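In case you want the letters, here they are:
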Amino acid sequence: MTSATLELNGAAPTPAGARPRPAAVRWALAAARFARRKPLGAIGGVIVVAMLVMAVFAEQIAPYRFDETIRGARMKPPSAAHWLGTDNLSRDMWSRVVYGARVSVTVGFATIALAIVVATAIGVSSAYFGGVWDLAVQRVVDAWLSFPYLVIILSVMAVLGPGRLNLIISVAIIAAATNSRVIRGATLGVMQSQFVEAARAIGCGHARIIVRHLLPNVLATIIILATIGLGAVILAESALSFLGFGVPPPYPSWGAMLSGSGRTYMLRAPWMAVWPGVAISLAVFGFNMLGDALRDVLDPRLRGGR
Amino acid sequence: MLRRYLVRRLLVAVPSLLIATAIVFTLPRLIPGDAVQLMLAETSYAKDIDELRAKLGLDRPFHVQYVEWIGRAARGDLGESLWTRRPVVQELGQRLPVTAELALYATLIALLIAVPVGVLAAARQDSLSDYVVRSLAILGLSVPGFWLATLLIVLPAIWWGWRPVTGFVEFRADPLGHVVQILLPAVILGVASAAALMRLTRGMLLEVLRQDYVRTAWAKGLAERAVVIKHGLRNAVIPVITLLGTQLPQILGGTVVIETIFGLPGVSRFLFDAINQRDYPVIQGVNLLVVSTVVLVNLAVDALYAVLDPRIRY
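What you are looking at is a predicted structure, and each value in this text was computed from that prediction instead of being measured.

Section: the overall build of chain A
Thinking step 1. From N to C terminus, chain A includes 13 helices and zero strands.
Thinking step 2. Reading chain A from its N terminus to its C terminus gives the helix and strand order α-α-α-α-α-α-α-α-α-α-α-α-α.
Thinking step 3. Across its three principal axes, chain A shows a C-alpha extent of roughly 75 × 55 × 30 Å.
Thinking step 4. Classification of the 306 residues of chain A by burial places 55% in the buried group.
Thinking step 5. Considering only residue pairs separated by 6 or more positions, chain A has 70% of its internal contacts joining residues 24 or more positions apart.
Thinking step 6. Accessible surface, chain A as shown: approximately 13,500 Å² in total, 67% of it carbon and sulfur.
Thinking step 7. Looking at charge distribution, chain A has the averaged site of its 27 positive side-chain charges lying 4 Å from that of its 13 negative ones.

Examining the overall build of chain B
Thinking step 1. Broken down by element type, chain B carries twelve helices and zero strands.
Thinking step 2. Along chain B, from the amino end to the carboxyl end, the secondary structure elements read α-α-α-α-α-α-α-α-α-α-α-α.
Thinking step 3. Counting all 314 residues of chain B, 47% fall into the buried class.
Thinking step 4. Taking the intrachain contacts of chain B between residues at least 6 apart in sequence as the baseline, contacts between residues at least 24 apart amount to 72%.
Thinking step 5. Split by element, the accessible area of chain B, about 15,600 Å² in all, is 64% carbon and sulfur.

Describing the environment of Glu197 of chain A
Thinking step 1. Note that Glu197 of chain A resides in helix α9 (residues 194-201).
Thinking step 2. With twelve residues separating them along the chain, Glu197 of chain A and Ile209 of chain A place their C-alpha atoms 9.6 Å apart.

Focus on the confidence of the model for chain B
Thinking step 1. Of the residues in chain B, 89% have a pLDDT of 70 or more, and the chain-wide mean is 82.
Thinking step 2. The ipTM for the predicted assembly is 0.82, set against a pTM of 0.84.

Digging into the environment of Val214 of chain B
Residues and elements named next belong to chain B.
Thinking step 1. Checked against the element boundaries, Val214 lands in helix α9 (residues 212-219).
Thinking step 2. Residue classification places Val214 among the buried positions, given a relative accessible area of 0%.
Thinking step 3. Sequence separation between Val214 and Asp50 is 164 residues; the distance between their C-alpha atoms is 72 Å.
Thinking step 4. Filtering out sequence-adjacent residues up to four positions away, Val214 remains in contact with Val208, Leu209 and Val227.

So, the interface of chain A and chain B
Thinking step 1. If you look at the interface, chain A gives 46 residues, while chain B gives 52 residues.
Thinking step 2. Buried area between chain A and chain B, summed over both chains or domains, comes out near 4,100 Å², and the portion from carbon and sulfur atoms is 75%.
Thinking step 3. Between Arg199 of chain B and Asp292 of chain A there is a salt bridge, with its nearest N and O atoms 3.2 Å apart.
Thinking step 4. At the surface where chain A touches chain B, the tally comes to six residue pairs in polar contact (both at pLDDT 80 or more).
Thinking step 5. Of all elements in the fold, only α6 (131-145), α7 (149-160), α10 (206-242) and α13 (271-298) of chain A reach the threshold of two or more residues within the side of chain A that touches chain B.
Thinking step 6. Per element, the largest residue contribution to the side of chain A that touches chain B is twelve residues, and it comes from α13 of chain A.
Thinking step 7. Across the side of chain A that touches chain B, the residue classes tally to 31 nonpolar, nine polar and six charged.

Focus: the packing of helix α5 (residues 88-123) of chain B against helix α8 (residues 175-209) of chain B
Residue and element names in this part refer to chain B.
Thinking step 1. Viewed as axis vectors pointing N to C, α5 and α8 meet at an angle of 40 degrees, and their least axial separation amounts to 5 Å. Every pair of crossing elements has a handedness; the one defined by α5 and α8 is right-handed.
Thinking step 2. Of the residues belonging to the contact of α5 with α8, the class tally is 26 nonpolar, five polar and two charged.

Digging into the side chain of Ser238 of chain A
Thinking step 1. Position of Ser238 of chain A among the secondary structure elements: in helix α10.
Thinking step 2. When its relative accessible area of 1% is taken as the criterion, Ser238 of chain A is described as buried.
Thinking step 3. Within the structure, the side chain of Ser238 of chain A is placed 2.8 Å from the backbone oxygen of Leu235 of chain A, a separation counted as a polar contact.
Thinking step 4. Other than its neighbours up to four places away in sequence, Ser238 of chain A contacts Gly255 and Ile280 of chain A together with Phe146 of chain B.

As for unusual backbone geometry
Thinking step 1. Despite not being glycine, Met75 of chain A shows a phi value in the positive range, around 50 degrees.
Thinking step 2. By the element assignment, Met75 of chain A lies in the loop between α4 (58-61) and α5 (93-129).
Thinking step 3. When its relative accessible area of 11% is taken as the criterion, Met75 of chain A is described as buried.
Thinking step 4. Of note in the backbone geometry, Asp126 of chain B takes a positive phi value of approximately 65 degrees without being a glycine.
Thinking step 5. Residue placement: Asp126 of chain B occurs in the loop between α5 and α6 (128-142).

Details of helix α10 (residues 224-262) of chain B
Thinking step 1. For α10 of chain B, spanning 39 residues, the distance from its first C-alpha to its last is only 44 Å, which falls clearly below the expected 57 Å at 1.5 Å a residue.
Thinking step 2. Taken from the residues just after α10 of chain B, Gly263 of chain B is the one with a positive phi, measuring 65 degrees.

Examining empty space enclosed by the protein
Thinking step 1. Tallied over the full model, the rule gives one cavity of 30 Å³ or more.
Thinking step 2. A volume near 30 Å³ is recorded for the largest cavity.
Thinking step 3. At the level of secondary structure, the elements contributing two or more residues to the lining of the largest cavity comprise α7 of chain A together with α12 (280-308) of chain B.
Thinking step 4. Here the lining of the largest cavity is built from residues that sort into six nonpolar, two polar and no charged.

Things to note about a nonpolar patch on the surface
Residues and elements named next belong to chain A.
Thinking step 1. Taken together, Leu114, Val118, Leu160, Leu165, Ile169 and Ile173 make up a surface patch of nonpolar side chains, about 460 Å² in accessible area.
Thinking step 2. The set of elements that each furnish at least two residues to the nonpolar patch consists of α5 and α8 (164-191).
Thinking step 3. By the secondary structure assignment, Leu160 is in helix α7.
Thinking step 4. Judged by its relative accessible area of 40%, Leu160 is partly exposed.

Rules used throughout
Residues numbered from 1 in each chain as written. Chains lettered and ligands numbered in written order. Predicted model: local features only at pLDDT ≥ 70, side-chain atom pairs only at ≥ 80, totals over all residues. Heavy atoms only, no water. Helix = DSSP H or I, 4+ residues; strand = E, 2+ residues; numbered from the N terminus. Buried < 20%, exposed > 50% of the residue type's maximum accessible area, 1.4 Å probe, protein only. Contact = heavy atoms within 4.5 Å. Areas by Shrake-Rupley, 256 points an atom, 1.4 Å probe, with all protein chains shown as cover. Lys, Arg positive; Asp, Glu negative; His and termini not counted. Charge placed at Lys NZ, Arg CZ, Asp CG, Glu CD. pLDDT = per-residue confidence, 0-100. Buried area = accessible area lost by both parts, 1.4 Å probe. Salt bridge = Lys/Arg side-chain N within 4 Å of Asp/Glu carboxyl O. Polar contact = N/O pair within 3.5 Å; in protein donor to acceptor, adjacent residues only side chain to side chain. Nonpolar A, V, L, I, M, F, W, Y, C, P; charged D, E, K, R; others polar. Axes fitted to C-alpha atoms, helices over the stretch in contact; angles between N-to-C directions. Left-handed = near helix turned anticlockwise from the far one by under 90°. Expected span 1.5 Å × (residues − 1). 1 Å grid on protein atoms, 1.4 Å probe; cavity = no way out; pocket = protein on both sides within 12 Å on 5 of 7 lines; lining within 4 Å. Points joined across faces, edges and corners; volume = space filled by probe spheres on them. Patch = residues over 30% accessible without salt bridge, like charges linked within 9 Å, V, L, I, M, F, W, Y side chains within 5 Å.

Okay, structure coming up:
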């Protein structure tokens, strides 16, 4: 997979006879080439990496804990001491935004991982086995897709109850339905290839054809879907948290920071209304930009909707 | 030929709609049993748990319940709200115009922004304006509607002391005030869809502008306007119409948040309240209404698509 990805990234093949470069160098070169060809995508990548760092090292980066009340610092505007100001409960906004990245990242990655596994199982099997199975599965996918995502997620949450795990499950169901369509399409394309026919001719079983021949060839599609999907999932998580169906307080989620009791104080402390939204927009923007650029580089066939 | 296509399209839509109704129907039945007891305590809707089960129709076999429910729904009976005790259909009838109006304005605004901007970006491909427009489009897809709405309420209030009207203004009472009240939420809803539509318009137009007949049009010495609009856009706009169909669930989903923030008494706000109050007949009713609308609109869009473009067949 590594060599295939690098080649698709536009890396020149190592000249015959020359010693192959170490993997780290090759990856760095590929990244540099990507940044030169897709500057906007590289900006997206930087935003994504920054967000991941914030999520992982929140304790080290944030000057205060997310629920720490600071004496005498209620609703203070942004300053040197509190970069993004403080909220109505005297908590440091910057620290809360940093910890908030953790919610977006954990919920985002868990959701998209679950969604992609389900979507791949549905999409690949639907394309590979075809016939009645395909017809039936696709009608179910159709049905899921005709629900507005917030409507169905809220309805599922009404049954499951609020909370982080239920949030992940209900968003993943919708994301899986959407992505399975694209994966099915990509698999159908790969199945036209001669190597699949050849594999069948030499008597490979279904499992071997799917795992060894189909999956590696739809992997690029899956990576792109996951990247763009992460943006959409973070957006969905923030909307649900905003509506009160997300991670329970006082743990900061960017969406929840914009809702609830804070709303009444926003007229006096507008920075409370600004920064969490900036964080959401930047994160989603980063994943979208990176995903768009990855799509152009990895899989030009998906460019249709541009 | 066209008729055969439409019939086949209809045959695909029916099972999808049936499965969707099954999902709508099944969801409230997945609630753990003690939730019924909780409901009993919360709403005092029925005397005892058996009566409540009977009212919700939970005491009979699953498939019997489903068929009966579909049959009643087809006759326009969606049960009554556990909260207001009024028929769900009646409640929906009151709220539907608000949401429909909001969705319609949002769609129009999305089109009004997306098509001209998409044409501009395609006609000036890789120019500065193209880059700016494309980046703005991705930004438009990234900014959460509820944040935009919050800023548009908070910032004008701080800067100019301006606040949106609280309380819903009926069209009959004050037509201008009503439109002004709905316009701001509609713009916020339209922005995200505009971004998606703009990207598609640009992409499709770029493809069309590379066709031979467009080169011929240029060679004939036609003005740029005539080439891009008459020869290009006309052929590029068809997929845009389809995407408009797929944008409907997006816009309707967005209304949940927007109606809640702006206090508009629409269907989505009704759903949100129903979810908080565990008002299952209402949740079912709203879901059924929304899903049927989406399936029917997509059916209509596909039919329109086939009429507009004779090349399109299943």
